[in-house]
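This is what each chain is made of:
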Amino acid sequence: MNTMAIDLTNPLGMALSLLPEIVLTAWALVLMLVAAWRHGDDRAQRLVGNLTVGALASGLLALWWLWSAGAEPAGLPLMIALDPFRWMSGTIMLLGAMGAVLLSLGYLGREQIWLPEYYVLLLFATIGMLLMGGAADLLVIFLGLETMSVAVYVLAGIKRNSPYSAEAALKYFLLGAFASGFLLYGIALVYGATGTTNLTGIALQLATSHLIADRAPMLVIGIGMLLIGFGFKVAAVPFHMWTPDVYDGAPTPITGFMAAAVKAAGFAAFVRVFVTAFGEAGEIWQGAVWVLAAITMIVGNLVALSQRKLKRMLAYSSIGHAGYLLVAVVAGTPAGASAFLFYALAYTLMTVGSFGMLGALGEDGERDVEIDDLAGLAKRRPWLAFAMAVFMLALLGFPGTAGFIGKWTILVAAVGAGQATLAVILVLASVVSAGYYLPVIMAMYMKQAETPRQHAVADRAVLGNAARGVLAVAAILTLLFGVWPNKALDAARDGGNAVGATRGLFITQRP
């Protein structure tokens, strides 16, 4: 395939490299005017929602055009990366955002949320996520992170008449600001130690200096602060305390968006920074991330076992899955980066589908829907129950689903990097997760609806066309990637190799 070299040192080349983000920004400005013009009108809100779907689709097409054209930088990337890792991670984020918008089209009216700027905020959050996945500089990562975070803070509390939504927004904002401070201080210290914030430049400095051998305090503390900042954004234990309450209080489509696309963005930046910039400094950070991965898997899965509310169970489940993704980070290799990309794709499909299904089952934020309330759902709504069963089995890692292939790729990467103990913990944690995924399926297929509450849940489990399409596509792709993952695995492998390619640019023998 012919490649398109883009000169990132001139304005035209930089604009072309940021084409997806520029397209989404233009759409966001237009939609702000539409939302202001017809504020509070149901038809206007649906119009803005439909236009947002078109905006995300056009951003996805721009991304795919750069990907298919083989866009690559003419020289080393300065601020923005042009590589398969960016294209693959960006695709995952845009698909997650599109799923959230489609699920919101009917949900907002049902929950009496008449705020068309909801969709504009989703677009701005997506722009920030794309910048995080494509950044080649720590400052761009921080700018993308803040663009995403500020929008998601507001989205978490968008249901103004709900005290739980207000609590979610306040907790997320306060703890998020605290974590952003750690991240910014970490960037400052890394700059002080290496003289650059460029990821490739940092890797060059570490490969050609005594910083790692001398365990330079400024570098070590800077890496530690970056770990704290990223640990919060990906909901790793012990930085996870905000997650259950925020996920529980936010509108369900936003919860799915945060659990899937926002988490994917955080991990994309995490992987790019620690594999590209700090790949040679693994002896400094891998031990700490090993501990984070182990306790995140253990705590997330064990606490999820005790949850009877479906939404909180899925919240703790997302913490456990953050632990699985941290195992890919611990590997610190291109194989680990590839495993992250494939698992992030599978996890986005499973999570958006699960929260989309939950959004159809409840009312007033779905906080009160318990696992037992799904009793007899298979008899009343067989296709919805089948889709939910697919998502639960995939989250468990059952063979024949994308979740199984995703966990297998992480295990292979971990064992290949000499992290066999962590791989064993992952397997045991997955076995424990059967204790809260399988009861959902058992309730739907092996119990009868007996109480008025259980009958009411089945009666209101009606989806609009957009939400029904999201669930159908997510379920089909989850099964398809479980039996024919070749294309997705190839794309993930190319992305992982691109992130790890920096190591081959330098002589890694330290003086």
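For the structure itself, look to the data block above.
Keep in mind it's a predicted model, so treat the numbers as computed, not measured.

Any chance you could break down the overall build of the protein chain for me, citing the residues and the numbers?
Helix and strand counts for the protein chain come out as 21 helices and two strands. A compact globule built from 511 residues should have a C-alpha radius of gyration of about 24 Å, and the protein chain, at 22 Å, falls within 12% of that. Seen through its C-alpha atoms, the protein chain measures out along the principal axes to roughly 75 × 55 × 45 Å. Burial analysis of the protein chain (511 residues in total) assigns 60% to the buried set. Excluding contacts between residues fewer than 6 apart, the proportion of contacts in the protein chain whose partners are at least 24 apart in sequence is 84%. A total of about 18400 Å² of accessible surface is found on the protein chain, and carbon and sulfur atoms cover 69% of it. Side-chain charges of the protein chain comprise 29 positive and 27 negative groups, with the mean position of each set lying 6 Å from the other.

Any chance you could break down the side chain of Ser354 for me, citing the residues and the numbers?
For Ser354, the location among the structural elements is in helix H14 (residues 334-361). Overall, Ser354 belongs to the buried group, its relative accessible area being 1%. In this structure the side chain of Ser354 is engaged in a polar contact, spanning 2.8 Å, whose partner is the backbone oxygen of Met350. Every residue in contact with Ser354, bar those within four places of it in the chain, is listed here: Leu314, Met388, Phe391, Met392 and Leu395.

So what's going on with the nonpolar core? Residues and values would help.
In this structure, Phe257, Phe270, Phe274, Phe278, Leu310 and Phe340 are the most contacted members of the largest nonpolar core, which totals 188 residues. Setting aside chain neighbours within four positions, we find Phe340 in contact with Phe85, Ala264, Phe267, Ala268, Val271, Leu325 and Ala328.

Residue-level account of helix H9 (residues 217-233), with values.
Here H9 is 17 residues long and its end C-alpha atoms lie 25 Å apart, about the 24 Å a rise of 1.5 Å per residue gives. Along H9, the residues that are buried comprise Leu219, Gly222, Ile223, Leu226, Leu227, Gly229, Phe230, Gly231, Phe232 and Lys233. Close packing links the buried residues of H9 with helix H6 (138-156), helix H7 (163-194), helix H8 (199-207), helix H11 (252-277) and helix H12 (282-305). Immediately downstream of H9, the backbone of Ala235 shows phi near 60 degrees, a positive value.

Before we move on, could you go through helix H17 (residues 402-416) and cite the residues and values that matter?
In this model, H17 (15 residues) spans 21 Å end to end at C-alpha, consistent with the 21 Å of a helix rising 1.5 Å per residue. Regarding H17, the residues found buried are Ala402, Gly403, Ile405, Gly406, Lys407, Thr409, Ile410, Leu411, Ala413 and Ala414. At the exit of H17 stands Gly418, carrying a positive phi of roughly 80 degrees.

Describe the packing of helix H13 (residues 310-331) against helix H18 (residues 420-446), with residues and values.
Here H13 crosses H18 at 160 degrees, and the two axes come no closer than 11 Å. The angle between H13 and H18 falls in the class roughly antiparallel. In the packing of H13 onto H18, the handedness of the crossing is left-handed. Side by side, H13 and H18 meet where Leu310, Met313, Ser317, His321, Tyr324, Val327 and Val330 of the first sit next to Leu422, Leu426, Ala429, Ser430, Ser433, Tyr436, Tyr437 and Val440 of the second.

Cut-offs applied
Residues numbered from 1 in each chain as written. Predicted model: local features only at pLDDT ≥ 70, side-chain atom pairs only at ≥ 80, totals over all residues. Heavy atoms only, no water. Helix = DSSP H or I, 4+ residues; strand = E, 2+ residues; numbered from the N terminus. Rg over C-alpha atoms; globule rule 2.2 N^0.38 Å. Buried < 20%, exposed > 50% of the residue type's maximum accessible area, 1.4 Å probe, protein only. Contact = heavy atoms within 4.5 Å. Areas by Shrake-Rupley, 256 points an atom, 1.4 Å probe, with all protein chains shown as cover. Lys, Arg positive; Asp, Glu negative; His and termini not counted. Charge placed at Lys NZ, Arg CZ, Asp CG, Glu CD. Polar contact = N/O pair within 3.5 Å; in protein donor to acceptor, adjacent residues only side chain to side chain. Core = buried A, V, L, I, M, F, W, Y, C linked by side-chain atoms within 4.5 Å. Expected span 1.5 Å × (residues − 1). Axes fitted to C-alpha atoms, helices over the stretch in contact; angles between N-to-C directions. Parallel < 35°, antiparallel > 145°, perpendicular 65-115°, else oblique. Left-handed = near helix turned anticlockwise from the far one by under 90°.

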